[in-house]
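Structural overview for review
Each chain, letter by letter, is given below.
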Amino acid sequence: MSDRRQGFPPNDARAAGPNEDKVFLLITLIIGAIVGLVVVAFILLTDKLGAFLYPAAGAPWRRLLIPVAGALTTGILLSRYFPDARGSGIPQTKAALFIRDGFISFRTVLGKFGVSSMSLASGIALGREGPSVHIGAGIASVLGRRLGLSPASIKALVPVGAAAALAAAFNTPIAAVLFSLEEVMGDMNAPVLGSIVLSSATSWIVLHLVLGDEPLFHVPAYQLVHPVEFLWYGVLGVAGGLMSVTFVKLLLWLRKQFLGLKKSTQWIQPLAGGLLVGVLGWFFPQVLGVGYNYVGQALNGKMLPGIMVLLVLLRVVTTATCYASGNAGGIFGPTLFMGAMLGGAVGGVAHMLMPDYTGSVGAYALVGMGAAFAGIVRVPLTSVIMIFEMTRDYSIVVPLMIANLISYFISSRFQEEPIYEALQHQDGIHLPSGRRVRGSLLMVGNAFQPAAQVLSASETISQALASVDRERCAWPVVDPSGLCGMVTIRQLDEAIDANRGSESLASLIPDPGPAQKLSIENFPHLHADHSLDDAMHRFAQQELEVLPVVSRSNVRDLKGTVSFDDVLAAYRIGRPEDVAPHATGSRRILPIAGAVTGLIVLFALLAFLNYFYRAGRVTRAQQSYQTGKTLVTNQRYEEAVEQFRNALSIAPSLDNRLALGLALAEANHLDEGAVYLKEVISERADNAPAHLGLARIAAQMGNIDEAVTDYRRAMNGAWPREEKGKLPQQNRIDARIELIGVLNKAGRRSQVQAELLALAAEIPRQPELQKRVAKMLDDAGLPTQAAALYRDMLSRGPGDATAFDGLGESYMALGDFALAEKAFAAAHSIAPDDTTAQSRIELCESILALDPALPGLKAADRYERSRELLSRLLVLAQRCPAQQSTLADAKAAIASKRKPASLSDAADENILLASGLWTQELASCQGTPAPDEALVRLMPRLTSQRR
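Residues numbered from 1 in each chain as written. Predicted model: local features only at pLDDT ≥ 70, side-chain atom pairs only at ≥ 80, totals over all residues. Heavy atoms only, no water.

The next point concerns the packing of helix α15 (residues 361–376) against helix α17 (residues 397–414). For any two helices packed against each other, the geometry comes down to the angle between their axes and how far apart the axes lie. One can describe the packing of α15 onto α17 by two numbers: an axis separation of 8 Å at closest approach and a directional angle of 30°. Considering the angle they form, α15 stands roughly parallel to α17. Read as a crossing pair, α15 and α17 show a hand that is right-handed. Residues L366, V367, G370, A371, A374 and G375 of α15 lie in contact with α17, whose contacting residues are P399, L400, A403, N404, S407, Y408 and S411. (Axes fitted to C-alpha atoms, helices over the stretch in contact; angles between N-to-C directions. Helix = DSSP H or I, 4+ residues; strand = E, 2+ residues; numbered from the N terminus. Parallel < 35°, antiparallel > 145°, perpendicular 65-115°, else oblique. Left-handed = near helix turned anticlockwise from the far one by under 90°. Contact = heavy atoms within 4.5 Å.)

Where the residue is not glycine, phi is negative for most of them; where a peptide bond is considered, it is trans in most cases. Phi is positive for N499, close to 60°, though the residue is something other than glycine. With respect to the helices and strands, the residue N499 is situated in the loop between α20 (489–497) and β4 (526–527).

Looking at the protein chain, the pLDDT average stands at 80 and 84% of residues meet or exceed 70. When the criterion is pLDDT under 50, residues 1–18 qualifies, and its contacts beyond four places in sequence or with other chains add up to 48 contacts. In the model, residues 574–593 has pLDDT below 50 throughout and makes 35 contacts with residues more than four positions away in sequence or in other chains. (pLDDT = per-residue confidence, 0-100.)

Moving on to the sheet that holds strand β3 (residues 482–488). Strand order across the open sheet formed by three strands is β1-β2-β3, with mixed pairing between neighbours. In this open sheet, the two edge strands, each paired with only one partner strand, are β1 (455–456) and β3. Relative to β3, strand β2 (residues 474–479) is paired through six bridges, and the arrangement is antiparallel. Pairing of V478 across the sheet is with L483, part of β3. In the packing of α20 onto the sheet, contacts are made with β2 and β3, and the angle to β3 comes to roughly 75°. (Pairing = 2+ DSSP bridges.)

The next point concerns helix α8 (residues 173–185). Compared with an ideal rise of 1.5 Å per residue, which puts 13 residues at 18 Å, α8 spans 17 Å between its outermost C-alpha atoms and is within 8% of the ideal. For α8, the principal kink sits at F179 and spans about 30°. Most of α8 is tucked away, with 12 of its 13 residues classed as buried. Among the residues of α8, those classed as buried are P173, A175, A176, V177, L178, F179, S180, L181, E182, E183, V184 and M185. Within two residues after α8, G186 carries a phi angle of roughly 70°, on the positive side. (Expected span 1.5 Å × (residues − 1). Bend = angle between axes of the 7 residues up to and from the residue. Buried < 20%, exposed > 50% of the residue type's maximum accessible area, 1.4 Å probe, protein only.)

With five of six residues buried, β2 is to be regarded as a mostly interior element. The pairing of β1 with β2 spans two bridges and is parallel. Within the sheet, the bridge partner assigned to L455 lies in β2 and is V477. Taken together, β1, helix α19 (residues 461–467) and β2 form a β-α-β motif whose crossover is right-handed. With antiparallel pairing between neighbouring strands as the criterion, β2 and β3 make up a hairpin whose turn holds two residues. (Right-handed = clockwise from strand over helix to strand, strands pointing away.)

Attention now goes to the side chain of D778. Mapping D778 onto the fold places it in helix α31 (residues 767–779). Here D778 sits buried without a salt bridge, and the closest side chain of opposite charge, K775, lies 7.1 Å off (N-O distance). The residues touching D778, leaving out its near neighbours within four places in the chain, are P783, A786, Y790, G806, E809 and S810. (Lys, Arg positive; Asp, Glu negative; His and termini not counted. Salt bridge = Lys/Arg side-chain N within 4 Å of Asp/Glu carboxyl O.)

It is worth spelling out the nonpolar core at this point. Among the nonpolar cores identified, the biggest contains 121 residues, and F247, L251, F332, M341, M369 and I419 are the most heavily contacted of them. Per-element tally for this core: the top contributor is helix α7 (residues 151–170), with 14 residues. Leaving out residues up to four positions away in the same chain, F247 has contacts with V316, T319, A320, I331, M338, I376 and I419. One finds L777, L807, L869 and M939 within the second-largest nonpolar core, a separate group that totals 68 residues. (Core = buried A, V, L, I, M, F, W, Y, C linked by side-chain atoms within 4.5 Å.)

In this section: the sheet that holds strand β5 (residues 546–550). If you trace the three strands from one edge of the open sheet to the other, you get β4-β5-β6, paired in mixed fashion. Strands at the two margins of the open sheet, each flanked by one partner only, are β4 and β6 (558–563). Where β5 meets β6, five bridges bridge the pair, whose relative direction is antiparallel. Residue pairing across strands places V549 opposite G560, the latter belonging to β6.

For the rest of this paragraph, the subject is the packing of aromatic side chains. Taken as a whole, this structure holds seven aromatic pairs when the rule is applied. Seen from their ring centres, Y233 and Y364 are 4.6 Å apart, and the 20° between their planes marks the pair as stacked. With Y233 in helix α10 (residues 229–259) and Y364 in helix α15, the pair connects residues that are 131 residues apart, well separated along the chain. Each member of the pair, Y233 as well as Y364, carries the same accessibility label: buried. Considering the side-chain rings of F332 and F373, the 5.1 Å spacing of their centres and the 70° angle between planes classify their relative orientation as edge-to-face. Of this pair, F332 sits in helix α14 (residues 332–353) while F373 sits in helix α15, and the two are 41 residues apart along the sequence. In this structure, F332 and F373 share a single accessibility class: buried. (Phe/Tyr/Trp six-rings, centres within 6.5 Å; stacked < 30°, edge-to-face > 60°.)

Rendered as structure tokens:
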């Protein structure tokens, strides 16, 4: 058996050197760390460059000219220097894995990094995740070759690098593993699963060391309002599937048109995408770039359904055009954008039609992201886990699965070829069905022979017959375009018998046409990664004993031939345990000590860079944080939100997240503010400021019971040693006072009184605070407790006019006008200019002079005062209809000139009549205050005493 038969690489331990297994996992760690660093650098470079090209208050002309200039520049670079860096990188990664033994050039990695950074920063409507996968896979391939690994090991490293890249790009380590298995390898049971998991976790750790722990999107908590919502999620799945089909078909059709253009125009083709984005971006800035900030707005219900529908249409057209024209960038990010906008639009309609049975619009936007991903990329399992990891909200998984399944079914029904396979087929690349990675199966690659004898289509039939070895039975025929087909000994003999020996072989085997149009039916062939079972089926179907083995990237590229006897020979000796290890030549395998040293140096470098990078980041984050605090103090909340966002993106600390949540609440972005505050509480359940912020949000939304719960948690929670210049006890008191205000506004008087009594019992002996609480007690109908607070305060210190005024008001509310007069007199003696105290003294004197129930009065004085009281009430009763009998009795009592037998009894009767008139006057006039304030103050006490 030849070296070629022994040397086919797919995951075959025979091709590996003796030390590779010992260092493979170590190399996996190194790849995860390097790829994580590179992807983080890619993200930062793209963001910083984009911020430079599009400053906050930039002129509108930038939105038109920068995408055009970016597309033209990248088009020239892609055409002349980096032809393999076009597109997203996912199809290229798969082609490298299955066709080129995992080979991705270092030049392609550099080109993908640089060109994609420029393209995305300039506003081209593509994403960064696909290029990140290509870059990660390329780094793994380059490193594997530099370490002298076998082709089998290099192939195994490609999905390892891809998973590490996606974990860092999306901050989704689990979904990265699933995507590498489900899409890149097409085998959920791949033998490199452990390495893929390890590299994904390592890359994710690097991401967190550098950029911190922050989900890609923040969403409000999801809650299923009613089972009928599942119907709306089904509608969303249908809409997602139809949108996916539309997008894929449009992209493939546009790309076919661009591929049909002359190759000399490739350098200018990306300009079509840049020009379209620029023109639309002039009017709709939302189409520029990947648009994750607008996705965040949709997830938090801050966009109108009509706008979201328009953005779906614009994004479908711009992304399809940008990709089809050859710009560098992926479709992951735009897919999430389209899904979020579509889901938000469906959710908006659902909430408009059935507001009592549907949840927030943001929940539908979230499900829409998954539905679009499942319909376009065709990885339903990965899409569910990815959305969960990006948002960290598990409760949305069931609706997400429903919508994903429906979207996936509709998409696969109307567009049978997945998008990445269709893109590869447009390039003439045909990957294995199901994209299975072969392990211990016997493959055509273990059986085929290099084409020892190849016939030229230009030579004559006689020359060909004279030169062939008749035992082989069939030979490949080639022309300048590649393989034309196979000619058999029988065909040659029949042509000679027909006197056609002078004709060329081309007359027997004509040129079959372009490789892209050839299939197994019109061009029988095999690939090296077909199983031997496939080969046997092909022999039977084609009734041939020899078939050509061709490249997957070009079916006219001949690699060798395989015969029926070759297959039988491979079956006889093809069991892995029967095959002797084959030395692949001397290879420079990295010694274990060298690998360990390299890993130590790498992580030391990472720690070094991280230290200085974090030091600068902490400074910048602190500056943004302090600026935000100043803006909050000046009540410029929207500007403060931007500062806190910047601080959080640089340093995702608990304080930055708390500050952003509180500022969002003040800026009336209630849902988004609640998301951040709940994240703080999930990390620190006793964080009092976060609970206070949630209480304010609940109060603004009218959820009083929820607000009360959060206020109590704030009062009992942990406060910083000094918050806004206040000690924890003062903050707890302020939280209770704020709660009392909310309850008072909601009309919950009994709860207000209970909270005030608790507050009065716990406040420290601080005069100003005691006066404030005493005033609240008075207003809430608790004058006894208010008077006690005033007396306590006045007993400990020098006279305070304000406190004496408050004490006087409390005594007046209690009906003790004598003590009230003394309190007001004390206030007036301390502050002679206090006109309020003087007027209150006069009022008290009037009341005391009128009061017939004042202790110590003689019977005659009581009688005269009762007549005066009744006279004033009669004047008051003229304004309101009173019961005629009571009114007549009162008039008769006043009109009587005869001295009663008992002045005391007569006084009591007059007071009784006055109480009746007062009660009836209040009922008939609905409590209208009388102009006689002394009467108004006195009568409630007399009336209550009579009862």
